[in-house]
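What the coordinates show
Residues per chain are reported as follows:
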Amino acid sequence: MRRNILITGASAGLGAEMARQFAAKGRNLVLTARREDRLKTLQDELTTAHPGIEVVVRRLDVTDHDQVFEVFRSADAELGGLDRVIVNAGIGKGTPIGTGRFDANLATTMTNYVAALAQAEAAMELFRARNAGHLVLISSVAGLRGMPKAMTAYSASKSAIAAVGEGLQLELLGKPIKVSVIQPGYIRSDLNEGVRKLPFVVDTEPGVRAMVAAIEAERAKAVVPSWPWRPLSSVLKVVPVSLLKRVI
């Protein structure tokens, strides 16, 4: 059992709900995010509801790469070894390319890909040292294809981190270190609050329940929730651009 779990981006949305569901399973948690006040509120909630677990909170800006390594190493030492790291922190503030907001697309790419790569590096450094562990990379169904307009940089960043996961899976095939790439469909969260067009959207709790089940099964790749996103993902990969444009 992966008893000691670190989750980035845990102050709200999918990260916070994953923390709640793993806490209910009796896991010790390291919760990181920039908003430390929210983390402490969540810490109080979880330790009150589940007094038998340990919940550690750390303020972390994942775009500060040196801090990522420092926090991961100190959390690993404090809990006596991290068994699972969930790279979840991300943003979705992109804009159509060439419309004068390179800053927004750069921020999305730096957070969702470069910072995620730093987190993967920090986690794998710990796991390689003991030849054990489970790295979980939260990608998105949006990373299955290039997406238009405000989604372009976001989809590219999620595709990139999925490729990192697959590369590690090839390298580590048959070895004790496991790597999972989770590709959620539309799940209600702070990230998509106010977005009108969200086909097949599900509420946070059931959506994250599907994510947690895939993580616990340590699946190499999982599109969640399975219905309707698993069959849709197969279609998305092959449908011609002319047809794709009609539905997104």
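Our subject is the structure listed above.
Presented here is an overview of the structure given in this document. Think of each chain on its own: its residues are numbered from 1, step by step along the sequence as written. Where totals are concerned, whole chains, interfaces and linings use all residues; where local detail is concerned, this predicted model gives features only for residues with pLDDT of at least 70, and gives and counts side-chain atom pairs only at 80 or more. For side-chain calculations, the full set of non-hydrogen atoms in the structure is used, while hydrogens and water are omitted.

**Here's the deal with the environment of D66**
Tracing the chain through its elements places D66 in helix α3 (residues 65-79). Given a relative accessible area of 59%, D66 falls into the exposed group. Between the alpha carbons of D66 and A118 there is a distance of 8.8 Å; along the sequence they are 52 residues apart. A run of H or I in DSSP counts as a helix once it spans at least four residues, and a run of E counts as a strand once it spans at least two, with each numbered from the N terminus. A 1.4 Å probe rolled over the protein chains alone gives each residue an accessible area, and that area as a share of the maximum for its type sets the label: buried under 20%, exposed over 50%, partly exposed in between.

**As for the side chain of S180**
When you line up the elements, S180 lands in strand β6 (residues 177-184). Looking at S180, its side chain comes within polar contact range of the side chain of H134, at 2.8 Å. We define a polar contact as two N or O atoms separated by no more than 3.5 Å, with the added condition that, inside protein, one atom must be a possible hydrogen donor and the other a possible acceptor, whereas residues neighbouring each other in sequence contribute only through side-chain atom pairs.

**Quick word on the sheet that holds strand β1 (residues 4-7)**
Spatially, 7 strands are ordered β3-β2-β1-β4-β5-β6-β7 in an open sheet, and the strand pairing comes out parallel. At either margin of the open sheet sits one strand with a lone partner, and together these are β3 (55-59) and β7 (221-224). Here the strands of the sheet are splayed against their neighbours by 15° on average, with no regard to which way each runs. Summarising the sheet, strand β4 (residues 84-87) and strand β5 (residues 133-138) pair through 4 bridges and their orientation is parallel. Counted as the bridge partner of R84 is H134 from β5. For two strands to count as paired, DSSP must find a minimum of two bridges between them. Lines fitted to C-alpha atoms define the axes, with helix axes restricted to the stretch in contact, and inter-axis angles between N-to-C directions lie between 0 and 180 degrees.

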